[in-house]
Amino acid sequence: MNAVFSDDIDRAADALASARYAIALVGAGISVESGIPPFRGAGGLWTTRGEPPMDGYARFMEDLSGGWLSMLERRGGGDEFARALAAAKPNAAHHALAELERDGILRHTITQNIDNLHFAAGSVAVTEIHGNRTKIRCIDCGGRWPFEEIDLSELPPACPVCRGILKGDTVMFGEPIPQAALAECYRQAERADCMLIAGTSASVTPAAWFPEVVLQRDGVLIEVNPEATPFSGLALVSMRAAAGEALPLLLDRLRAR
């Protein structure tokens, strides 16, 4: 470890250790380290194949049965992304975040990822902005259930609570972010005096709003990302590294205190 990077780890550890309420904001960069391809950027699915239709949610609502059939086909391994999701395991970054939560240092994680890997690694306090591929959500009452708990013998299935419309929990293009998730993200950002930003450029809303909330309340940002982002110049510490490299080192430094 070079001296500059070691100093950055020290400064980040100091900030987290002294924080009253520290949270994390994470994105696709962490998932990439588990073998899940990104959507944008070099090698991204949308970069190489073009972006999907922007009206996916409207199409689903117009043909619920057809939408469910397409979704189940993809879940069954019908495309590269679904196969990568099914094979992915938590990496060192996921495990470090879970351990930081267990140690009482990290209070909450806001994730833009749908892969369920934070929970698989042992994190508990997690809000998923874009949903979770392993769950089903009711559009009407907002209830969420694991896929295996819903009877899919007839499509479209009905909500077991309110008989409303069920869909995969993953947020589609054109679909509003679920209000409960969005409200929780704001609640967490407004409580935080320190935000650890890892594996995300935080350049797409609503994720881009949350660091701003922390800064407006005189909180500090710690950034871990291989490339510079709009928040690099505003962060107390900005480390050019992969999350799987930096976060375990940060955990070890905090535990060595």
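Residues numbered from 1 in each chain as written. Predicted model: local features only at pLDDT ≥ 70, side-chain atom pairs only at ≥ 80, totals over all residues. Heavy atoms only, no water.

A. Seen up close, the sheet that holds strand β2 (residues 106-111). Ordered in space as β3-β2-β1-β7-β8-β9, the six strands form an open sheet in which the pairing is parallel. With partners counted over all chains shown, the strands left at the sheet margins are β3 (126-128) and β9 (237-239), one partner each. On average, adjacent strands in this sheet sit at an angle of 15 degrees to one another, irrespective of strand direction. In the packing of helix α10 (residues 209-216) onto the sheet, the strands contacted are β1 (22-26), β2, β7 (194-198) and β8 (220-224), and the crossing angle to β7 comes to about 150 degrees. (Pairing = 2+ DSSP bridges. Helix = DSSP H or I, 4+ residues; strand = E, 2+ residues; numbered from the N terminus. Axes fitted to C-alpha atoms, helices over the stretch in contact; angles between N-to-C directions. Contact = heavy atoms within 4.5 Å.)

B. Quick peek at helix α7 (residues 92-102). Of the residues making up α7, those classed as buried are A93, H94, A96, L97, A98, L100 and E101. Check the buried side of α7 and you find it contacts β1, α2 (28-32), β2, α8 (117-121), β7 and α11 (243-255). Two to three positions downstream of the cap, the backbone nitrogen of A93 sits 2.8 Å from a side-chain oxygen, assigning the N-cap of α7 to N91. Phi turns positive one or two residues past the end of α7, at G104, with a value near 80 degrees. (Buried < 20%, exposed > 50% of the residue type's maximum accessible area, 1.4 Å probe, protein only. Polar contact = N/O pair within 3.5 Å; in protein donor to acceptor, adjacent residues only side chain to side chain.)

C. Expanded view of the pattern of salt bridges. Per the stated rule, a full pass over the model turns up 14 salt bridges. Of the charged contacts in the structure, one is a salt bridge between R187 and E184, with a shortest N-O distance of 3.1 Å. Of this pair, R187 and E184 both sit in helix α9 (residues 179-191), three residues apart, which is roughly one turn of that helix. The exposure class of R187 is partly exposed, given its relative accessible area of 40%. One network of salt bridges, with partners in common, ties together E128, R137, R144, K167, D169 and E175. (Salt bridge = Lys/Arg side-chain N within 4 Å of Asp/Glu carboxyl O.)

D. How the structure looks around the side chain of S34. If you trace the backbone, S34 turns up in the loop between α2 and α3 (45-49). Here the side chain of S34 touches K89 through a polar contact of 2.7 Å, landing on its backbone oxygen. Excluding residues within four positions of it along the chain, S34 makes contact with A88, K89, P90, N91, H94 and L117.

E. Structural view of the packing of aromatic side chains. This model, assessed by the stated rule, comprises three aromatic pairs. Aromatic side chains W68 and F147 sit 6.3 Å apart centroid to centroid with 65 degrees between the ring planes, which places their arrangement in the edge-to-face category. One end of the pair, W68, is in helix α5 (residues 64-78); the other, F147, is in the loop between β5 (144-146) and β6 (166-168), and 79 residues separate them in sequence. Using a relative accessible area of 0% as the deciding quantity, one classes W68 as buried. Using a relative accessible area of 8% as the deciding quantity, one classes F147 as buried. Residues Y186 and F210 carry aromatic rings whose centres are separated by 5.3 Å and whose planes lie at 85 degrees to one another, so their mutual orientation is edge-to-face. Remark: F210 occurs in helix α10 and Y186 occurs in helix α9; sequence separation between them is 24 residues. Residue F210 is classed as buried on the basis of its relative accessible area of 0%. A connected cluster of aromatic rings, assembled from ring pairs, spans Y186, W209 and F210. (Phe/Tyr/Trp six-rings, centres within 6.5 Å; stacked < 30°, edge-to-face > 60°.)

F. Structural detail: the pairing of strand β4 (residues 135-138). Summarising the sheet, β4 and β5 pair through three bridges and their orientation is antiparallel. Bridge assignment links I136 to a residue of β5, and that residue is W145. Hairpin connection, β4 to β5: the antiparallel pair is bridged by five residues, and G142 has positive phi, about 85 degrees. In this sheet, β6 lies alongside β4 in antiparallel orientation, the contact comprising three bridges. Paired with C138 across the two strands is L166, which belongs to β6.

G. Highlighting the pairing of β2. Buried residues dominate β2, accounting for five of its six residues. Here β1 runs beside β2; their pairing, made up of five bridges, is parallel. Its bridge partner lying in β2, A22 is registered against L106. Across three bridges, the pairing between β2 and β3 is parallel. Along β3, the bridge assignment pairs T111 with E128.

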